[in-house]
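Residue-level structure breakdown
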Amino acid sequence: MSAQREMKEKNPWPTPVTIIIIIVIGVIAIVALVTVAVLQNKSVPQKYKYGIVLDAGSSHTALYIYQWPAEKDNNTGRVEQTHSCKVKGKGISSYASEPWKAGESLKECMGEAENTVPKERAHETPLYLGATAGMRLLDIVNSSASKNVFQAVEKALQNSPFSYQGARILSGQEEGAFGWVTVNYLDDRLKQGLKTTGALDLGGASTQISFISDNFDGSESPINSVNFRLYGNDYNLYTHSFLCYGKDQVLKMVLANQTQSGATTVLDPCFHSGYNETKNYSVLYDSPCVSGRKPQEAPEKFDHIGKGNFQECQKAVKSVFNFTFCKHSRCSFNGVFQPPLQGPFGAFSAYYFVMNFLNLTDTSMPLETVKQKLSQYCGTSWDKIKRQHPTVNVKYLAEYCFSGTYILTLLTEGYDFTAETYSNIKFIKKIKGSDAGWTLGYMLNLTNMIPAEAPDSPPLPHAGYVSIVTLMTILLIGLLLFVALRIFWPRCSKKTQIV
Ligand SMILES: O=P(O)(O)OP(=O)(O)OP(=O)(O)OC[C@H]1O[C@@H](n2cnc3c(O)ncnc32)[C@H](O)[C@@H]1O
């Protein structure tokens, strides 16, 4: 009896039971923590928000749908293109005489947008339409026709389930700057504050060049300067848009230069030998880029006959650039200021379509070789070209010699890329699944998706945080168990000895 009392005084708890309880609690805690960690890190179905931009270009309209993670609205989620749709037919500016058709033309792509954006998101999905050089030109020659086209387009878009935010003509400066934002956003250069890529955009009616130059602070030519503060970095961008220097308008200008005498036959070095089409003077001179030069005594039609000569084509193309006047320290052409070229460049839209067709996107190829290959292509007969490419749109096919020659002339003579700096250009269509062009930059700007300051980011990602808490708790429980065993185990041993 006294021995039993002594034992109870020395060892007041039922030691093995306590240990078992501690172990069970410890195991339950570990299982609970691991379960929480696993569940927290399990991917849940992503919810997205959407934005839609219609690019109403001179040659055609395209619709782009962008998406970004819904819970990352605070400017940290990545915006990506999820769908695009090419509107059938020509650009909206071609509907000047029957504006209602401009609205009608958008219906099919708007239908695709309704099928892509989840119904419950539609009412909060912003929808924008931006028109570029085609509408800029129409606005110059016939501003009331331009207004009518916009009215028709607005009517069609207002009837959509999306949150329509308006349709307007972008300035050339905006087109250049937003193209630059798109390229650098998609390359993750803005968020990380990396050196930026310049943007070269070739459309049907205008062309843009935009880049950051250490030698440009905007003071020499303020109209070419756009200032941005993005993710905490300041950018002073040089940008210029050349209206009428898109490839369709330059083709008109080159042909206009060759038809000044009002000839009935034009032997054109930029078209393949064997090419022969009868064309209308009125169609050739219907644009404000050439209309002032229409010969007075022009017949109704002319025979456009190909000669297929690259060197002569280069001369013909060069005639549309004016290098004779420059009131600045340096100019590209037509008296437009341009600082020295700097950095890598992404060249997209028609730059890519044309160079890709010609198999000339590899800019590590010496410039001379590129010219030789193009010269060979231009010298190929029209019959052979058609036979080699039976599925390619004949209008494009007939123009690739001219278009390639224009691109090389614009880059080298116009912008001053040399044999050395030509390799700084990369011909691109898409970056990480999104088309290169002004539309994404435009939407990012209008939805304030790029903050001026770098957003505060947590020191650890969520998964890392959960893992560390789990690890620390396991270590703590282990330590507790260890201490408990150290305290109680000797007593247990002693107890057996006593008993
Ligand atoms: O910016 P603007 O000047 O308004 O023009 P756009 O928006 O219509 O210009 P795009 O980038 O859509 O197209 C540029 C040009 O490339 C032409 N184009 C489109 N696809 C092409 C292809 O596969 N091959 C050759 N040319 C193509 C198109 O007709 C235009 O002349």
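Just so you know, these numbers come straight off a predicted model, no measurement behind them. (Residues numbered from 1 in each chain as written. Predicted model: local features only at pLDDT ≥ 70, side-chain atom pairs only at ≥ 80, totals over all residues.)

1. A short note on the overall build of the protein
Here is the rule we go by: Secondary structure elements are taken from DSSP: a helix is a run of H or I of four residues or more, a strand is a run of E of two residues or more, and numbering for both begins at the N terminus. Burial is judged by counting the other C-beta atoms within 10 Å of a residue's own C-beta: 20 or more makes it buried, 12 or fewer makes it exposed, and any count in between marks it as partly exposed, with every C-beta position built from the backbone. With C-beta atoms placed from the backbone, a contact is any residue pair whose C-beta atoms sit within 7 Å.
A count of helices and strands for the protein gives 17 helices and 16 strands. Taking all 499 residues of the protein together, 37% fall into the buried category. Considering only residue pairs separated by 6 or more positions, the protein has 79% of its internal contacts joining residues 24 or more positions apart.

2. Considerations on the site of the ligand
Applied cut-off: By convention here, the C-beta atom is placed from the backbone, and a residue is near a molecule or strand when that atom is within 6 Å of it. Gly is put with the polar residues, along with every residue not named as nonpolar or charged; the nonpolar set is Ala, Val, Leu, Ile, Met, Phe, Trp, Tyr, Cys and Pro, and the charged set is Asp, Glu, Lys and Arg.
Near the ligand there are 21 residues, and of these Gly57, Ser59, Gly203, Gly204 and Ser349 occur at the shortest range. When residues of the shell around the ligand are traced back to their parent elements, those giving at least two are α6 (133-141), α9 (247-258) and α12 (350-357). Here the element with the most residues in the shell around the ligand is α12; it accounts for four residues. Per-class residue counts for the shell around the ligand are seven nonpolar, twelve polar and two charged.

3. Things to note about the confidence of the model for the protein
How we decide: The pLDDT value expresses, per residue, how confident the predictor is, ranging between 0 and 100.
Per-residue pLDDT for the protein has a mean of 91; in total, 89% of the residues score no lower than 70. Here residues 493-499 is a poorly scored stretch, pLDDT under 50, and it has four contacts once near neighbours within four places are set aside; other chains count. On the interface metric, ipTM, the complex scores 0.99, and its pTM is 0.86.

4. Some remarks on the packing of α12 against helix α15 (residues 394-414)
The relative placement of two packed helices comes down to the angle between their axes together with the axis-to-axis distance. Quick reminder of the rule: Interaxial angle, 0 to 180 degrees, is taken between N-to-C directions of lines fitted to C-alpha atoms, where a helix line uses only the stretch in contact. For classification purposes, angles smaller than 35 degrees are called roughly parallel, those larger than 145 roughly antiparallel, those between 65 and 115 roughly perpendicular, and all remaining angles oblique. Whether a crossing is left-handed or right-handed is set by the direction in which the near helix is turned from the far one by less than a right angle, anticlockwise for left-handed and clockwise for right-handed.
Close contact between α12 and α15 brings their axes to 10 Å; oriented N to C, the two are set at 120°. By the angle class used here, α12 and α15 are oblique. In the packing of α12 onto α15, the handedness of the crossing is left-handed. Facing Ala350, Tyr351, Val354, Met355 and Phe357 of α12, the residues of α15 in contact are Tyr400, Ser403, Gly404 and Ile407. Taken together, the residues of the contact of α12 with α15 sort by class into seven nonpolar, two polar and no charged.

5. Some thoughts on the packing of helix α11 (residues 310-318) against α15
Direction vectors running N to C along α11 and α15 enclose 60°, while the axes themselves pass 9 Å from each other. Taken together, α11 and α15 sit at an angle that is classed as oblique. As for how α11 packs across α15, the hand of that crossing is right-handed. Each of Phe310, Cys313, Gln314, Val317 and Lys318 in α11 lies in contact with α15, whose residues at this interface are Cys401, Phe402, Thr405, Tyr406, Thr409 and Glu413. Looking at the contact of α11 with α15, its residues break down into six nonpolar, three polar and two charged.

6. Let's talk about α9
Heads up, the rule is: To estimate the expected span of a helix, count its residues, drop one, and scale the result by 1.5 Å.
The end-to-end C-alpha distance of α9 is 17 Å, a good match for the 16 Å that twelve residues give at a rise of 1.5 Å each. Of the residues making up α9, those classed as buried are Lys247, Gln249, Val250, Leu251, Lys252, Met253, Val254, Leu255 and Ala256. Where α9 is buried, its residues contact β6 (198-202), α10 (281-284), α11, α12 and α15.

7. Things to note about the UniProt feature "active site" (unreviewed entry) in the protein
Note the following rule: UniProt positions are given in the numbering used here, feature names are shortened, and annotations may be inferred rather than shown by experiment.
Here the UniProt feature "active site" (unreviewed entry) sits at Glu175. With respect to the element layout, Glu175 can be found in helix α8 (residues 172-186). C-beta crowding within 10 Å serves as the criterion here: with 29 such atoms nearby, Glu175 is assigned to the buried category. If near-sequence neighbours (up to four positions away) are discounted, Glu175 is found in contact with Thr132, Leu170, Gln208, Ser241 and Trp438.

8. Quick word on the environment of Phe216
The residue Phe216 is located in the loop between β7 (206-212) and β8 (225-230) in this model. Judged by the 20 C-beta atoms lying within 10 Å of it, Phe216 is buried. Sequence-wise, Phe216 and Ala398 are 182 residues apart; in three dimensions their C-alpha atoms are separated by 40 Å. Sequence-distant contacts of Phe216, defined by excluding residues within four places in its chain, comprise Asn236, Tyr238 and Pro339.

9. Here we look at the sheet that holds strand β4 (residues 126-131)
We count it as follows: Strands pair, by our definition, only if DSSP identifies at least two bridges between them.
If you walk across this open sheet you meet the five strands as β3-β2-β1-β4-β5, and the pairing is mixed. Edge positions in the sheet fall to β3 (80-86) and β5 (163-169), since each has one partner strand and no second. In this sheet, adjacent strand axes meet at a mean angle of 15° when their direction is disregarded. Relative to strand β2 (residues 61-69), strand β1 (residues 48-56) runs antiparallel, the two being bridged by nine bridges. Looking at β2, one finds that Tyr50 is bridged to Gln67.

10. Description of the environment of Tyr285
With respect to the helices and strands, the residue Tyr285 is situated in the loop between α10 and β12 (301-306). With 20 C-beta atoms counted inside 10 Å, the residue Tyr285 sits in the buried group. A C-alpha to C-alpha distance of 23 Å links Tyr285 and His272, two positions 13 residues apart in sequence. Not counting chain neighbours up to four residues away, the residues in contact with Tyr285 comprise Ala256, Val290, Ser291 and Lys294.

11. Quick look at the UniProt feature "binding site: ATP" (unreviewed entry) in the protein
What UniProt calls "binding site: ATP" (unreviewed entry) maps, in this numbering, to Gly204, Ala205, Ser206, Thr207 and Gln208. With respect to the element layout, Ala205 can be found in the loop between β6 and β7. Taking the C-beta count within 10 Å as the criterion, Ala205 has 28 such neighbours and is therefore assigned buried. Leaving out residues up to four positions away in the same chain, Ala205 has contacts with Ser58, Ala133, Gly134, Leu137, Cys244, Gly246, Asp248 and Gln249. With respect to the helices, strands and loops of the structure, Gln208 is situated in strand β7. Not counting residues up to four positions away in its chain, the partners in contact with Gln208 are Gly172, Glu175, Gly176, Gly179, Asp201, Thr239 and Ser241.

12. Observations concerning the sheet that holds β8
Within the open sheet, the six strands sit side by side as β8-β9-β7-β6-β13-β14. Their pairing is mixed. The sheet terminates laterally at β8 and β14 (425-427), the two strands that pair on one side only. Averaged over all neighbouring strand pairs, the angle between strand axes comes to 20°, with direction disregarded. Across five bridges, β6 lies against strand β13 (residues 345-349) in parallel orientation. Along β13, the bridge assignment pairs Leu200 with Ala347.

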